[in-house]
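Here's the letter readout for the chains.
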Amino acid sequence: MTDRFPSEVPPLPDTPVSSSTPPGRGSITPPAGPAVTAVTAIVTTASSAAGPVPNNGPSWLAQLHGQLVRHEERGAATRQVLDDYKRLYSQTLYLAKINQDHRRRGLVAAPSLSSGNAPPADHRGHPERTMPPRSESSSSKMGAISRTQSENASDGPESARWEQLWQEKDRLESEYNRTATQLSDLQKQVVELERQTRHQARELEELRRRGRQLETQMHDANHLLRAKDQAIQVAQDELAATQLELNVKETRLSQLEKEHRELLERWLAQKAEAAARLNSANDAETAVRAVAAKVGGTFRAIGSMWATAAQAGVAAGALQGSGSRDSLTSAAADDAAESRREPWPPKHGAEALVVPQRLVRTVHAHLGESTTISTSRDGALVATGGSDKLVKIWNPGNGMSLVTTLPATLGSVVSLAFSPSSMMLATGSADNTLRLYTSPPASSPATTRRSSTHATATGSAPVQLLQTLTGHTGKVSAVAISAREDVVVSAAADRTLKVWDIAKGYCTKTLVAFSAATALTIADYSAATLVTSHQDGHVRVWDVASGSCGAEIMLAGAGPAGAAAVAVEMLDPNTVITLSKDNVLRVVDVRAREVTTTYESSFFRLGTSRLAVSPGGGFTAAGAADGSVFVWDMRSREATILTGGHGTMVTDVSWNPHDGAHLYSIDKSGRLSQWTA
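Residues numbered from 1 in each chain as written. Predicted model: local features only at pLDDT ≥ 70, side-chain atom pairs only at ≥ 80, totals over all residues. Heavy atoms only, no water.

## Description of the overall build of the chain
Inference 1: If you tally the helices and strands in the chain, you get 8 helices and 28 strands.
Inference 2: Across the 677 residues that make up the chain, the buried fraction comes to 42%.
Inference 3: A sequence separation of at least 24 residues applies to 55% of the contacts in the chain between residues at least 6 apart.
Inference 4: As displayed, the chain has an accessible area near 35,200 Å², and 54% of this comes from carbon and sulfur atoms. (Helix = DSSP H or I, 4+ residues; strand = E, 2+ residues; numbered from the N terminus. Buried < 20%, exposed > 50% of the residue type's maximum accessible area, 1.4 Å probe, protein only. Contact = heavy atoms within 4.5 Å. Areas by Shrake-Rupley, 256 points an atom, 1.4 Å probe, with all protein chains shown as cover.)

## A short note on unusual backbone geometry
Inference 1: In this structure, Lys 389 is a non-glycine residue whose phi angle is positive, near 70 degrees.
Inference 2: Among the secondary structure elements, Lys 389 is positioned in the loop between strand 3 (382-386) and strand 4 (391-395).
Inference 3: Phi angles above zero are rare outside glycine, and Ser 422 is one such case at about 65 degrees.
Inference 4: Within the fold, Ser 422 resides in the loop between strand 6 (413-418) and strand 7 (424-429).

## Structural notes on the pairing of strand 21 (residues 594-599)
Every regular strand shows the same layout, with side chains that alternate between the two sheet faces.
Inference 1: Where strand 20 (residues 585-589) and strand 21 come together, 5 bridges link them in antiparallel fashion. Paired with Leu 585 across the two strands is Tyr 599, which belongs to strand 21.
Inference 2: Counting the residues between successive antiparallel strands, the hairpin from strand 20 to strand 21 contains 4 residues, one of them, Arg 593, with a positive phi of roughly 60 degrees. (Pairing = 2+ DSSP bridges.)

## Here we look at the pattern of salt bridges
Inference 1: The tally for this structure, following the rule as stated, stands at 11 salt bridges.
Inference 2: Ionic pairing is found between Arg 195 and Glu 192, a salt bridge with its closest N-O pair at 2.3 Å. Highlighted residues: Arg 195 and Glu 192, both in helix 5 (residues 157-295), separated by 3 residues, approximately one helical turn.
Inference 3: On the basis of relative accessibility, which here comes to 43%, the residue Arg 195 falls in the partly exposed class. (Salt bridge = Lys/Arg side-chain N within 4 Å of Asp/Glu carboxyl O.)

## Comments concerning the nonpolar core
Inference 1: The biggest cluster of nonpolar side chains holds 17 residues, and the ones touching the most others in it are Ile 577, Leu 579, Phe 604, Leu 611 and Trp 632.
Inference 2: Looking at this core, the elements with two or more residues in it are strand 18 (565-572), strand 19 (575-580), strand 20, strand 22 (606-613), strand 23 (619-624) and strand 24 (629-633).
Inference 3: Apart from the residues within four sequence positions on either side, Phe 604 is in contact with Leu 579, Asn 583, Ala 622, Gly 623, Ala 624, Phe 630 and Trp 632.
Inference 4: In terms of nonpolar packing, the next biggest core, distinct from the first, is built from 16 residues, Ala 478, Ala 517, Leu 520 and Ile 522 among them. (Core = buried A, V, L, I, M, F, W, Y, C linked by side-chain atoms within 4.5 Å.)

## Remarks on the sheet that holds strand 19
Inference 1: The antiparallel open sheet is built from 4 strands, whose spatial order is 18-19-20-21. Only two strands of the sheet have a single neighbouring strand rather than two, namely strand 18 and strand 21. Averaged over all pairs of adjacent strands, the angle between their axes in this sheet comes to 25 degrees, without regard to strand direction.
Inference 2: Where strand 19 and strand 20 come together, 5 bridges link them in antiparallel fashion. The residue bridging Thr 578 from the neighbouring strand is Arg 586, located in strand 20. (Axes fitted to C-alpha atoms, helices over the stretch in contact; angles between N-to-C directions.)

## So, the sheet that holds strand 16 (residues 538-543)
Inference 1: Strand order in the open sheet formed by 4 strands is 14-15-16-17, and the pairing between neighbours is antiparallel. The strands lining the two open edges of the sheet, one partner per strand, are strand 14 (517-522) and strand 17 (548-554). Here the strands of the sheet are splayed against their neighbours by 20 degrees on average, with no regard to which way each runs.
Inference 2: As paired elements, strand 14 and strand 15 (residues 529-534) share 5 bridges and run antiparallel to each other. Following the sheet pairing, Ala 517 is matched in strand 15 by His 534.

## Digging into the confidence of the model for the chain
Inference 1: Of the residues in the chain, 70% reach a pLDDT of 70 or more, and the chain-wide mean stands at 74.
Inference 2: Within the model, pLDDT remains below 50 along residues 1-36, and this stretch shows 45 contacts once partners closer than five positions in the same chain are excluded.
Inference 3: Considering only residues more than four positions removed or in separate chains, one finds that residues 443-461, a stretch of pLDDT under 50, has 32 contacts. (pLDDT = per-residue confidence, 0-100.)

## Concerning the pairing of strand 3
Inference 1: Burial runs high along strand 3: 5 of the 5 residues are buried.
Inference 2: Alternating positions in strand 3 separate into two faces, Val 382, Thr 384 and Gly 386 on one and Ala 383 and Gly 385 on the other, with burial throughout.
Inference 3: Following strand 2 (residues 370-375), the chain reverses through 6 residues before pairing antiparallel with strand 3; Gly 379 in that reversal takes a positive phi of roughly 75 degrees.
Inference 4: Where strand 3 meets strand 4, 4 bridges bridge the pair, whose relative direction is antiparallel. Bridged to Thr 384 within strand 4 is Lys 392.

As structure tokens, this is what we get:
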């Protein structure tokens, strides 16, 4: 029977424990693989952007790596214990089966011996020697087997075989008890391992949650990094564009510096030429005085002779001043000027009584846009400026014939103004410069060009450039010449007003405003007070002597919405009229600092036009964006619309101050129209 009990128990297959586990032993299912595999996959996914885990990496990553290594070691130990448990459990089942088989064989062996070797029951007289029934307990059965074995000790080899089986049974029982004890210990270890496995599962879930948080943080960090990269790229593009613009500006600056040097050289040459003419005039005056001292005469005769001798140098004398003349002659000239002083604003010519509604003629004045227009005080000349950088002077009394064209500037002509005596013309350009010219004589014989007071400037003398005044950093939007003709005032887009001494040729006062001035007018005879309109919708009154703003008037309805004041004109010493982008004309009392009257029309839409006041202040005209000209009656406040003269936006209008019966207008296409009553 030794072949029935092998010395080595065959290994248990790698399968879960079957349902045939003995009662009280429990049903154990070992883990299905290492617990670290899933964690390693999660951490590998979470840290794929950062690469492999370095020894000197972040602290949290090193801790996570250490936890993974410890979980791997615990998993290996758990698998080893489960393998031992499966092996011992298999051996226990095998031994239990053998023990059960041995018991069954032991109970059946006694009847076999009794029937094969013992005498018959009636012969030996011991029928009770047979094996007890199977219903008896195990101890009874074992006792019966022992008694049967002792009684049949003389049976020979069968008895030795039975003894061997009994010893084998005892050994198996001892092995079974030992295996059961080991199995109980292993069950306790399995329970502990299950607890650890649940704990590790919770830690694994926490690691997964931490991994998801790290993935979210890494996604946010990558998104922020991309946003910063885009911002850096935008900044680099802006820097490149700014650098390119800076290069263009530097190139333009070098060109302007070159032009400035050229203009300065020309200006110095003109100054030298003017000084030479002045010296010549002084020499002539000295000669005249010598002749007068010899022949005698009054100071009036001396002055008349000086005027005759100074014909050639009158322009230089007007430019450089009369400081070199004799004090008595200067005093006489000043007295004559004071005797000719007129009220301000000056009121020359006849007052306009009716609106000039009839279109007389239209000429094409400029190749591009006509930007500004001005009429001389005597009504003999009309000057226009355009985007073609030219100033053209026309004779309206001779069919609007072209008298002359002044040299081109470096930018569009923005503003024009004749002097009160019509002797000079001031121009403001987009090249930030201010120029003064002598005005030409009119070619029409039917028009009286000058009074006898200014006869020295008539004749066939050509137009001359008297001054080129530089100092503004923006386009010169408005110019005006004082009644004394010794000062010219300019306003520019650089938010400054400048007062220039015509004789000396430089700026004597600079006034700084909070907003760029769009128009200006001189409020008194000595140019001590200025009134300006501004892009912020204010009208400001300036004291030139102190250089401060004496009054600031906010026009009703104006402001940042676009209702900038674009024009201002004097009505009387205390009243001005303004035109704003909200299509409303307002009469402003500068002393009371309030708007007294408004003029508007539901059909009027302002483009870029300035306004013009008729002689006497009875009418005010302004150009509209649709090509029409609106004329308001200052008394009835009714508007008359002049149409047919323009097909595009009217940019400026000018009233003839001599007769009040003619009105001139220009438009964006370069046309010049003449209207009459």
